[in-house]
Amino acid sequence: MRVIKESKVVEDNWTLVREIESIADCPAGDVIVPFAFWQENRESLLANNYRHAIWIDGDIETEAVVDDLSHFDLIALDFPAFKDGRSYSHARLLKERYGFNGELRAIGDVLRDQLFFMQRCGIDSYELRHDKDPEEALAGFKDFSVRYQTAADGALPIYKVR
Amino acid sequence: MYKYDDYDQTIVDERVEQFRDQTKRFLEGKLSEDEFRPLRLMNGLYVQRHAPMLRVAIPYGLLSSKQLNMLAHISREYDKNYAHFSTRQNVQYNWPDLERVPDILADLASVEMHAIQTSGNCIRNTTSDQFAGVAEDELEDPRPYCEIIRQWSTFHPEFSFLPRKFKIAVSGATNDRAAVQVHDIGIYLVKNEAGEVGFEIIAGGGLGRTPYIGPTIRPFLEKKHLLSYLEAILRVYNRHGRRDNIYKARIKILVNALGQEEFTRQVEEEWEHIKDGVMQLDQKEIDRVKSFFTMPDYDTDASNDNTFEQHLASDKAFANWAKRNLFNHKVAGYKAVVISLKSPGVAPGDATAEQMEWIASLSDQYSYSEIIVTHDQNLVLPNVKQADLYTLWQKLSEQQLATPNIGLLTDMICCPGLDFCSLANAGSIPIAKQINEKFDDLDYLHDIGELKIKMSGCMNACGHHHVGHIGILGVDKKGEEHYQLTLGGSAEKQASLGDRLGPSFAKAEVADVIAKLIDVYIENRHEDERFLDTYRRVGMSPFKEKVYASH
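What you see is a predicted model; the values in this text were computed from it and never measured.

Conventions we followed
- Counting restarts for each chain: residues are numbered from 1 in the order of the written sequence.
- Written order determines the labels here, with chains lettered from A and ligands numbered from 1.
- At least 70 in pLDDT is required for a residue's local features to be given in this predicted model, at least 80 for side-chain atom pairs to be given and counted, and no such filter applies to totals for whole chains, interfaces and linings, which use all residues.
- Each side-chain value is derived from all of the structure's non-hydrogen atoms; neither hydrogens nor water enter the calculation.
- Comment: elements are numbered from the N terminus, with helices defined as DSSP H or I runs of at least four residues and strands as E runs of at least two.
- Put simply, the radius of gyration uses C-alpha atoms, and a globule should come to 2.2 Å times the residue count raised to 0.38.
- When a residue's accessible area, from a 1.4 Å probe over protein chains only, is under 20% of the maximum for its type it is buried; when over 50% it is exposed; and in between it is partly exposed.
- The contact criterion used is simple: two residues touch if any of their non-hydrogen atoms lie within 4.5 Å.
- Surface exposure here means Shrake-Rupley accessible area, sampled with a 1.4 Å probe, where a residue is shielded only by the protein chains that are shown.
- When charges are counted, Lys and Arg contribute as positive and Asp and Glu as negative, whereas His and the chain ends are disregarded.
- Charged side chains are reduced to one point each, which is NZ for Lys, CZ for Arg, CG for Asp and CD for Glu.
- All domain edges in this entry derive from an automatic or database-based domain assignment.
- Reported buried area values correspond to the accessible surface (1.4 Å probe) lost by two parts on association, with both partners' losses combined.
- Salt bridge criterion: a side-chain nitrogen from Lys or Arg within 4 Å of a carboxyl oxygen from Asp or Glu.
- Patch building starts from residues that exceed 30% relative accessible area and form no salt bridge, then joins like charges within 9 Å and nonpolar side chains (Val, Leu, Ile, Met, Phe, Trp, Tyr) within 5 Å.
- Each pair of strands is called paired provided DSSP finds at least two bridges between the two strands.
- We call a crossover right-handed when, viewed with the strands running away from us, the connection from the first strand over the helix to the second turns clockwise.
- Fitting a line to C-alpha atoms yields each axis, with helices limited to the stretch in contact; the angle taken between N-to-C directions then spans 0 to 180 degrees.

1. Some remarks on the overall build of chain A
Phase 1: In terms of regular secondary structure, chain A is built from six helices and eight strands.
Phase 2: Along its sequence from the N terminus, chain A presents helices and strands in the succession β-β-β-β-α-α-β-α-β-α-β-α-β-α.
Phase 3: Against the globule reference of 15 Å for 162 residues, chain A gives a C-alpha radius of gyration of 16 Å, in line with a compact fold.
Phase 4: In terms of principal-axis extent, the alpha carbons of chain A reach across some 55 × 35 × 25 Å.

What follows is the structure, encoded as structure tokens:
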């Protein structure tokens, strides 16, 4: 996948599988599978030697994935439309409450003007919507130099800084 | 009032540059209309019937004279020499050019103002009591907490794409002048049994298509937990509020669907995780923000004046104005003055550039340079010495700003309606005009006394018709503008939603119907009983009979 990571556009080995029926259809390599597919095929997936990852959207409760966190190198959070803000809560909960220390990746309707918020919520990498130029989007991380609130980026509330 | 520090100013300045860039990308075709829409909305920029409409935030309604002068300047430079004050204590411009909006924002930033989160599905401007800080019935000034909420909610990374817009109101007084119970979150400053001041938290109120009075989900919250508790409510809402239907997406629908008990349980459970964390407010920050809302150096001799009483006795027009437009101040010898923006023949809430400058200058002379926007779409000079009232009244009269009608029938709340808004089904402003023409006898208006008419041009209820003593809702009936009336609504502490009178009326009939309702009130009222109280006592039947019998 071509993604933004650590303020650079990079190519990595993950393959995102949006829909998949049977384990026989699962491509080899590091694959990001739907959470439901993971639940049905956990043992077979764990048996392979690749890294493991799932993707979830706002319809799935964050708590539903928590027991399996130690298996995942990456969790992709879907933004089916940029105005669907549920995955921001996923991100903060996974990072801040459930201690997920793998990679959080934004997928779906991911656009430059949301990157600042996503980064603050603990998202590490971004698959920008394919019709957009990821190099241009890098500027989005720098929209603001001041943060009023605490979030998953380690910022303290402004009143603890003043 | 609150003064920006470097952090606050930096955020607002960076916002200007961000929006300038977004606008540029849109104009260059790099952002589609669909992509630009939520970005401009989060900056209060709508595309309306005739032109874009820009909504500027006035946090908890408080303006300095310098800021009001800037609002006047903007109306001259970028608009048609007037602005519209809204029911959310904000101000709106109806005719700016999209290309120049970034420049407007830069002008606003130069006086510590912005348009951040004045629209869109995010946390909006926090509103409050227009007499905050000066009211006799106040437990504590709510504005420091509004400011703390403003900062917490500004560009909140988790809550900028909520299911729907989100409005918070805070009041610190016994009488609710901020319609707290019909907000997504309503907050009252209250005292517990131990005598400590904290917050009562209400959630899930709202107007719109499905109006609800919000239930109290926590009777007492310690001050230090304010932000973590709000964060818990917002997180439950962000995760579980409906996103499949725009009309069912407000938090009121979630609270109602889960039930108050289950909703509260979820909030409390979420809050347990975060309440003792880094979000706790320390007293140092509360005190810092409070220090901006100190009392001016009041003149301790102010109450020794006897000219005020003399003018009241000798000038009936002044006495009429004083009776309706003055509000008791907690300091003897001072009054809060309400400047009516409901002069007949003017759209409710509109003020010209000249009027704004006039008011700014009067506030410099008579009221420590502060002005407050009310949610009834009027302006307040909060600290006027009684000895200055007569001169002030004369000066206000020169600019048609002394209409003695605060709280009266002609002090209507009114949305922009079909004349400006692309959502409206029917006009509001022409109805306001019709009512003003019908009720032009000042003595009669004063005899009727307090009567809150609130009018919305569509179900979205921007004019708060559900909580009007008389509510007027514009509907489309086979392509014609019709109006549905409700009676008995109120947004005060004893809040209630209005009951529907019956079938709707044609546009030309509205003022006549209101006249009949008032006849019924006058026939039935007990001494000193307001329209609302009479209605609550006698019920709907006599009103209904009179209106529809002869219809």
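2. Looking at the overall build of chain B
Phase 1: On a plain count of helices and strands, chain B comes out with 18 helices and 21 strands.
Phase 2: Relative to the compact-globule value of 24 Å for 551 residues, chain B shows a C-alpha radius of gyration of 23 Å, a close match.
Phase 3: Within chain B, the fraction of its 551 residues that count as buried is 64%.
Phase 4: A fraction of 68% describes how many contacts in chain B between residues 6 or more apart in sequence connect residues 24 or more apart.
Phase 5: By element, 48% of the accessible surface of chain B is carried by carbon and sulfur atoms, the whole surface being about 20000 Å².
Phase 6: Here chain B contributes 63 positive and 80 negative side-chain charges, whose respective centroids are spaced 5 Å apart.

3. Describing the domain arrangement of chain B
Residues and elements named next belong to chain B.
Phase 1: In terms of domains, chain B is made up of domain 1 (6–109), domain 2 (127–289), domain 3 (303–398) and domain 4 (413–549).
Phase 2: Taking only C-alpha atoms into account, the centre of domain 1 sits 33 Å from that of domain 4.
Phase 3: Counting residues at the interface gives 10 residues for domain 1, matched by 11 residues for domain 4.
Phase 4: Of the roughly 770 Å² buried where domain 1 meets domain 4, counting both sides, 50% is carbon and sulfur surface.
Phase 5: The tally of links from domain 1 across to domain 4 stands at zero salt bridges.

4. Observations regarding unusual backbone geometry
All names here are of chain B.
Phase 1: The phi angle at E112 is positive, at roughly 60°, despite the residue not being glycine.
Phase 2: With respect to the secondary-structure elements, E112 resides in the loop between α4 (101–109) and β6 (127–128).
Phase 3: A relative accessible area of 19% places E112 in the buried class.
Phase 4: A positive phi angle, close to 55°, is found at Q117, a residue other than glycine.
Phase 5: Considering the arrangement of structural elements, one finds Q117 in the loop between α4 and β6.
Phase 6: The buried category is assigned to Q117, whose relative accessible area is 4%.

5. Section: a nonpolar patch on the surface
Phase 1: Judged by side-chain polarity, A:L156, A:V161 and B:V278 come together as a nonpolar surface patch covering roughly 210 Å² of accessible area.
Phase 2: Here A:V161 lies in the segment after α6 (134–137).
Phase 3: Residue A:V161 is classed as partly exposed on the basis of its relative accessible area of 42%.

6. Description of the pattern of salt bridges
Think of it this way: side chains of opposite charge can pair up when their charged atoms draw near.
Phase 1: According to the stated counting rule, one finds 65 salt bridges over all chains in the structure shown.
Phase 2: Salt-bridge contacts for A:D131 lead to A:R129; the nearest nitrogen and oxygen are separated by 2.9 Å.
Phase 3: Note that B:D21 is salt-bridged to B:R25, the shortest N-O span being 3.0 Å. In this pair, B:D21 and B:R25 both sit in helix α1 (residues 6–27), four residues apart, roughly one turn of the helix.
Phase 4: The exposure class of B:D21 is partly exposed, given its relative accessible area of 23%.
Phase 5: Salt bridges sharing partners connect three or more residues here, namely A:R92, A:E96, A:R97, B:E158, B:E231, B:R235 and B:E270.

7. Concerning the interface of chain B and chain A
In many reports, interface size means the accessible area that the parts give up when they come together.
Phase 1: Counting residues at the interface gives 49 residues for chain B, matched by 38 residues for chain A.
Phase 2: With both chains or domains summed, chain B and chain A bury close to 3900 Å², and 53% of this area falls on carbon and sulfur atoms.
Phase 3: Ranking the residues of chain B by area buried against chain A places B:P157, B:F161 and B:R239 at the top, with a combined share of 20%.
Phase 4: Put simply, chain B and chain A have 14 salt bridges between them.

8. Regarding the pairing of strand β7 (residues 103–108) of chain A
All names here are of chain A.
Phase 1: The buried count for β7 comes to five of six residues, which makes it a mostly enclosed element.
Phase 2: Here strand β6 (residues 74–79) runs beside β7; their pairing, made up of six bridges, is parallel. Directly across from L77, in β7, lies its bridge partner A106.
Phase 3: Regarding topology, helix α4 (residues 86–97) serves as the crossover connection from β6 to the parallel β7, and that connection is right-handed.
Phase 4: Pairing geometry for β7 and strand β8 (residues 125–126), over two bridges, is parallel. Bridged to A106 within β8 is Y126.
Phase 5: Tracing the backbone out of β7, into helix α5 (residues 115–120) and back to the parallel element β8 gives a crossover that is right-handed.

9. So, the sheet that holds β8(A)
Residue and element names in this part refer to chain A.
Phase 1: Pairing is mixed across the open sheet formed by eight strands, whose spatial order is β2-β1-β8-β7-β6-β5-β4-β3. In the strand order of this sheet, the two ends are held by β2 (8–11) and β3 (15–16), each with one partner.
Phase 2: Bridge analysis of strand β1 (residues 2–5) against β2 gives four bridges, and the strand direction is antiparallel. Within β2, the residue paired with R2 across the bridge is E11.
Phase 3: Across the sheet, α4 is in contact with β5 (52–56), β6 and β7; its angle to β6 comes to roughly 160°.

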